[in-house]
Amino acid sequence: MILRIFEVRAREGKTETLRRKLEDTSVSVVEGHRGNHGHLFGDELSPDGRDLVFISLWEDMDAVQARFGEHWDQSYLPAGYAELIESHSLKHFRVRGRVDADALASLALASSG
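Source: prediction; values computed, not measured.

Colleague: Explain the pattern of salt bridges here, please?
Modeller: Two side chains carrying opposite charge are able to pair once their charged atoms lie near each other. In total, this model carries 7 salt bridges according to the counting rule given. For the salt bridge of E86 with R9, the shortest nitrogen-to-oxygen distance reads 3.7 Å. One end of the pair, E86, is in strand β4 (residues 85-94); the other, R9, is in strand β1 (residues 2-10), and 77 residues separate them in sequence. The class of E86 is partly exposed, set by a relative accessible area of 46%. Here D43 and R19 are joined by a salt bridge, their closest N and O atoms 2.6 Å apart.

Colleague: Can you walk me through the nonpolar core in this structure?
Modeller: Proteins that are soluble and globular tend to have nonpolar side chains buried together. Counting residues in each nonpolar core, the largest one holds 19 residues, and the members touching the most others are F6, L18 and W58. Listing elements by their share of this core, those giving two or more residues are β1, α1 (15-30), β3 (51-58), α2 (61-68) and β4. No other element matches α1, which puts 5 residues into this core.

Colleague: I'm lost on the side chain of R9 in this one. Help?
Modeller: Since its relative accessible area comes to 18%, R9 is described here as buried. A distance of 2.6 Å separates the side chain of R9 from the side chain of D48, its partner in a polar contact. A distance of 3.0 Å separates the side chain of R9 from the side chain of D51, its partner in a polar contact.

Scoring rules and cut-offs
Residues numbered from 1 in each chain as written. Predicted model: local features only at pLDDT ≥ 70, side-chain atom pairs only at ≥ 80, totals over all residues. Heavy atoms only, no water. Salt bridge = Lys/Arg side-chain N within 4 Å of Asp/Glu carboxyl O. Helix = DSSP H or I, 4+ residues; strand = E, 2+ residues; numbered from the N terminus. Buried < 20%, exposed > 50% of the residue type's maximum accessible area, 1.4 Å probe, protein only. Core = buried A, V, L, I, M, F, W, Y, C linked by side-chain atoms within 4.5 Å. Polar contact = N/O pair within 3.5 Å; in protein donor to acceptor, adjacent residues only side chain to side chain.

Quick look at the structure:
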C-alpha cells in the first residue's frame, strides 16, 4: 500500500477557500479510481492554521501511476488551486507492517462522504 501525501500552505486569507476545495475537488481526484482505498485531510494545529494536508491511500504504485500518469511524482493541481497556494509538496510512502482493518474502514467512510 502507498500513502500519497500532499502538503500545502495556503496564501494569506485563502485558507478557508483552499480547505473547501480539498474537501470537494481533491476528493473527486481520487475517489472511485482503481486502487484507491480512501483519503483524509486535515489542517495543522498551529496559530495561523494555513498548513493543510490531503492524504490518499493506494493499493500500489501501479494504481498511483495509472491515476496520475507519467507525472505521478508531481503535485496535481486542479483548476483554481494555484492562486490559493503559497507552497506545496508531494511525497509517497510505502505502508509497512500490518494495515489495520478499522483504519481502512474509517478511510472508506471518509471516501464515501
